[in-house]
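Results of the structural survey
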Amino acid sequence: MFFSKITRLMSVIIVCLCFTGVVWLCSVPWVWSLLSGLILYVAWGGSWRFLYVALCTIKRDLMCLAVILRVKSSLYRYQRNGCTIPALFAQVVALHPDKPALIYEATGEVCSYKELAEQCYAVAHWALAQGWSEGDVVALYLESCPLLVVLWLGLATIGVEAALINHNLRQHSLLHCVGVSRPRAMVFGTELTDAVLEVRGSLEPSMALFSSGKQSDKANLSSLAAEHLDPVLACSPTDPPQHKLSKGFNDRLFYIYTSGTTGMPKAAIVVHSRYYRIAAFGFHSFGLRHDDIIYNCLPLYHSAGNIMGVGQCLLFGLTVVIRKKFSASLFWDDCVKYKCTVIQYIGEICRYLLTQQASPSEAHHLVRVAMGNGLRPSVWNEFVQRFRIRRVGEFYGATECNCSLINIDGKVGACGFNSCILPSFYPIKLVRVKEESMELLRDAQGLCVPCTPGEHGVLMGCINQDDPFRRFDGYADEESTAKKIAHNVFKMGDASYVSGDVLVMDEYGYIYFKDRCGDTFRWRGENISTTELEGILSKLLGQTDVAVYGVSVPGVEGKAGMAAIAERGTPFDVEAFLFTIKKALPSYARPVFLRLTPHVDTTGTFKIQKTRLQREGYDPQRCVDPIYYLNSRAGRYEILTQQVYQDITEGRVCL
């Protein structure tokens, strides 16, 4: 259908040009030829609505087309030349060796490009001395700091791959992440010594351990038999190592782990071309400049902090300020202090900033661009207006996905778009799924059924391993890789990446994130998005942390909504809450159960974790937090006792 419309549109353009030439020769105003062409377009079955949408979106599409062509040409050039990220970084160092590259907020240390390169070379020499070769893996288990960048980049210089471990992980999760990447060694921060001690007995005995940082607890470090790395690197040569790298642009750079919100984290493979593509898209799409200073308080084990953020430094010469941990109260003070012009956000950071009292620094910063993902529509306008942000660079993507989206023109609430004029130029698609199982729906030919505008669906990206834009490199675990691939999606015989996220597209092609597969639940015949409901409830409660999830009730179709609400020290008024949500929400979207908790579990990147909450459900014996249920007959929330719980599960109380 779109192809026929495109054909008609191209035809009308040609007709208009022909008419313009003829009537110009006849000294007739060109406006009449344009009108004549439009009349012919409609006469041939063209749609005025499609023409209107095309005119409304052509500027946006051309802006994105220019970015895609620019990034794509660079990707193919670097691929032909066999470039790698360390090689591209060396080119940037040669351009401005004395410019600040990384600034570490915790110590005030300023590292120039030349110094950063020398530290990376020291790591490369150390790694060669260990006998490691291309393809070997070293696990890095450190808090966010410049050394983490130095280590993975230095290792990559000789083809050794880093596994970037989330420093918040402990015990079983830590063991899992270390195990799936099969590293030959681990470098850990001394502040994480106790965590390493807990799992040392279960680690590979042959795995070498190295520590970095202050040695305040020498007894524990001694029991780990870990070599202190800092003095070794200080004595290591700082000239480029005499090592010819055989890896190319599409070979492995390092591993980044998924957040683990829906299961155990998976080690996503990041190749050199993917690192470049993500960073380059951010630079060219959001109007970044080479003299920008980026404030990066995101964890460096995550792709947003390490690729979208630090990547601007390594590949485009920007200065990046690294903060070990996000602080809402000091955020704008830091931005003023370091004269930052770009900030990064993810998840709930923008909402946390809005909960802070107004401060002088939030009105005197130099920030013009905020780039990141997960900015909820419910806080978008308030965030932009209060902090005077001129441009929001919202994007959608995962470390491993091949269907990333960018919001290039600042459309409020959208995480990106797909062109209505040339929908096949960037081969992504929203497809229908079964509501309960999230299984892909297929037509009579066996192909996936595309969604119409306004219809929720799962985002898919067509896989082409020869195209850097459409590659899917998967995970260290082949079984996990296979689960993310579907066949016969766009056409018979193809392969596509399954994002696992539910999105919706409007008639202009703007795409909005709705939920992760499995998070949406159905109640009273209506589908409810947990992400959307979390945003509404959080705003109604003054940007309080809220987790929404569905819980099963015996004998009742679908799942009842349950909200875990973080208390802020003052008693929670359930009557006032019900009064407020009655005005804001339809009856089916009002939480049936409330759980008042001291805090809501989140990942290191502020994604809400619901596994424990869903497991405990609304059984008062399984959790210490008070639970309320909505007594529809009484018209109020009441405390859920063990007797009421039994009455609900045995069908004596109807919800």
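Digging into the overall build of the chain
A tally of regular secondary structure across the chain gives 20 helices and 28 strands. Residues classed as buried in the chain amount to 55% of the 655 residues present. Here the contacts in the chain between residues at least 6 apart in sequence split such that 68% fall between residues at least 24 apart. On the chain, roughly 28500 Å² of surface is accessible, and the fraction owed to carbon and sulfur atoms is 55%.

Section: the sheet that holds strand β24 (residues 546–552)
Strand order in this open sheet of five strands is β24-β25-β26-β27-β28, and the pairing throughout is mixed. Each edge of the open sheet carries a strand with a single partner, namely β24 and β28 (636–639). Along the sheet, successive strands turn relative to each other by an average axial angle of 30°, direction set aside. Relative to strand β25 (residues 559–566), β24 runs antiparallel, the two being bridged by seven bridges. What sits directly across from Val548, in β25, is Ala563. Against the sheet, helix α17 (residues 530–540) contacts β24 and β25, and its axis sits at roughly 135° relative to β24.

Structural notes on the nonpolar core
Grouped together as the largest cluster of nonpolar side chains are 103 residues, with contacts concentrated most on Leu140, Trp152, Tyr275 and Leu314. Top element by residues in this core is helix α5 (residues 113–129). It accounts for nine residues. For Leu140, the residues in contact, after removing those within four places along its chain, are Leu148, Leu151, Trp152, Leu155, Ala162, Ala163, Leu164, Ile165 and Val187.

Some words on the packing of helix α4 (residues 85–95) against helix α11 (residues 272–285)
Here α4 crosses α11 at 45°, and the two axes come no closer than 9 Å. The pairing of α4 with α11 is recorded here as oblique in orientation. Side by side, α4 and α11 meet where Ile85, Pro86 and Leu88 of the first sit next to His272, Tyr275 and Tyr276 of the second. Of the residues in the contact of α4 with α11, the class split is five nonpolar, one polar and no charged.

Brief notes about the pairing of strand β3 (residues 137–141)
Of all the five residues making up β3, five are buried; the element is thus mostly covered by neighbouring parts of the structure. Residues Val137, Ala139 and Tyr141 point to one face of β3 and Val138 and Leu140 to the other, with burial holding for every one of them. As for the winding sense of the linkage, the β-α-β connection from β3 through helix α6 (residues 146–157) to strand β4 (residues 161–164) is right-handed. Two strands pair when backbone bridges link them, and β3 and strand β5 (residues 185–189) are joined in this way by four bridges, in the parallel orientation. Directly across from Ala139, in β5, lies its bridge partner Met186.

Examining the packing of α6 against helix α12 (residues 303–316)
When two helices pack together, their arrangement is given by the angle between their axes and by how far apart the axes lie. Running from N to C, α6 and α12 cross one another at 75°; their axes reach a closest spacing of 12 Å. In this view, α6 runs roughly perpendicular relative to α12, as classed from their interaxial angle. Between α6, through Val149, Trp152 and Leu153, and α12, the contact on the second element is made entirely by Asn306, Val310 and Leu314.

Re the sheet that holds strand β11 (residues 319–322)
Reading across the sheet, the eight strands line up as β2-β1-β11-β10-β12-β13-β14-β15 and stay open at both edges, with mixed pairing between neighbours. Strands with a single pairing partner mark the edges of an open sheet, and in this sheet they are β2 (109–112) and β15 (405–406). Note: strand β14 (residues 391–396) against β15, two bridges, orientation antiparallel. Among the inter-strand pairings, Phe395 is bridged to a residue of β15, identified as Ile406.

Side note on the pattern of salt bridges
As enumerated under the stated definition, the model contains 25 salt bridges in all. A salt bridge links Glu362 to Arg386, with the nearest nitrogen and oxygen atoms 3.0 Å apart. One end of the pair, Glu362, is in the loop between α14 (349–354) and β13 (369–373); the other, Arg386, is in helix α15 (residues 377–387), and 24 residues separate them in sequence. Taken together, the shared-partner salt bridges in this structure form one network comprising Arg595, Arg612, Glu616 and Asp625.

Comments concerning the confidence of the model for the chain
The predicted coordinates should not be examined in detail at positions where pLDDT is low. Taken as a whole, the chain shows an average pLDDT of 88; of its residues, 89% reach a score of 70 or greater. Low pLDDT, under 50, characterises residues 17–28; the stretch is placed with eight contacts to residues that sit more than four places away or in other chains.

Reading guide: rules and limits
- Residues numbered from 1 in each chain as written.
- Predicted model: local features only at pLDDT ≥ 70, side-chain atom pairs only at ≥ 80, totals over all residues.
- Heavy atoms only, no water.
- Helix = DSSP H or I, 4+ residues; strand = E, 2+ residues; numbered from the N terminus.
- Buried < 20%, exposed > 50% of the residue type's maximum accessible area, 1.4 Å probe, protein only.
- Contact = heavy atoms within 4.5 Å.
- Areas by Shrake-Rupley, 256 points an atom, 1.4 Å probe, with all protein chains shown as cover.
- Pairing = 2+ DSSP bridges.
- Axes fitted to C-alpha atoms, helices over the stretch in contact; angles between N-to-C directions.
- Core = buried A, V, L, I, M, F, W, Y, C linked by side-chain atoms within 4.5 Å.
- Parallel < 35°, antiparallel > 145°, perpendicular 65-115°, else oblique.
- Nonpolar A, V, L, I, M, F, W, Y, C, P; charged D, E, K, R; others polar.
- Right-handed = clockwise from strand over helix to strand, strands pointing away.
- Salt bridge = Lys/Arg side-chain N within 4 Å of Asp/Glu carboxyl O.
- pLDDT = per-residue confidence, 0-100.

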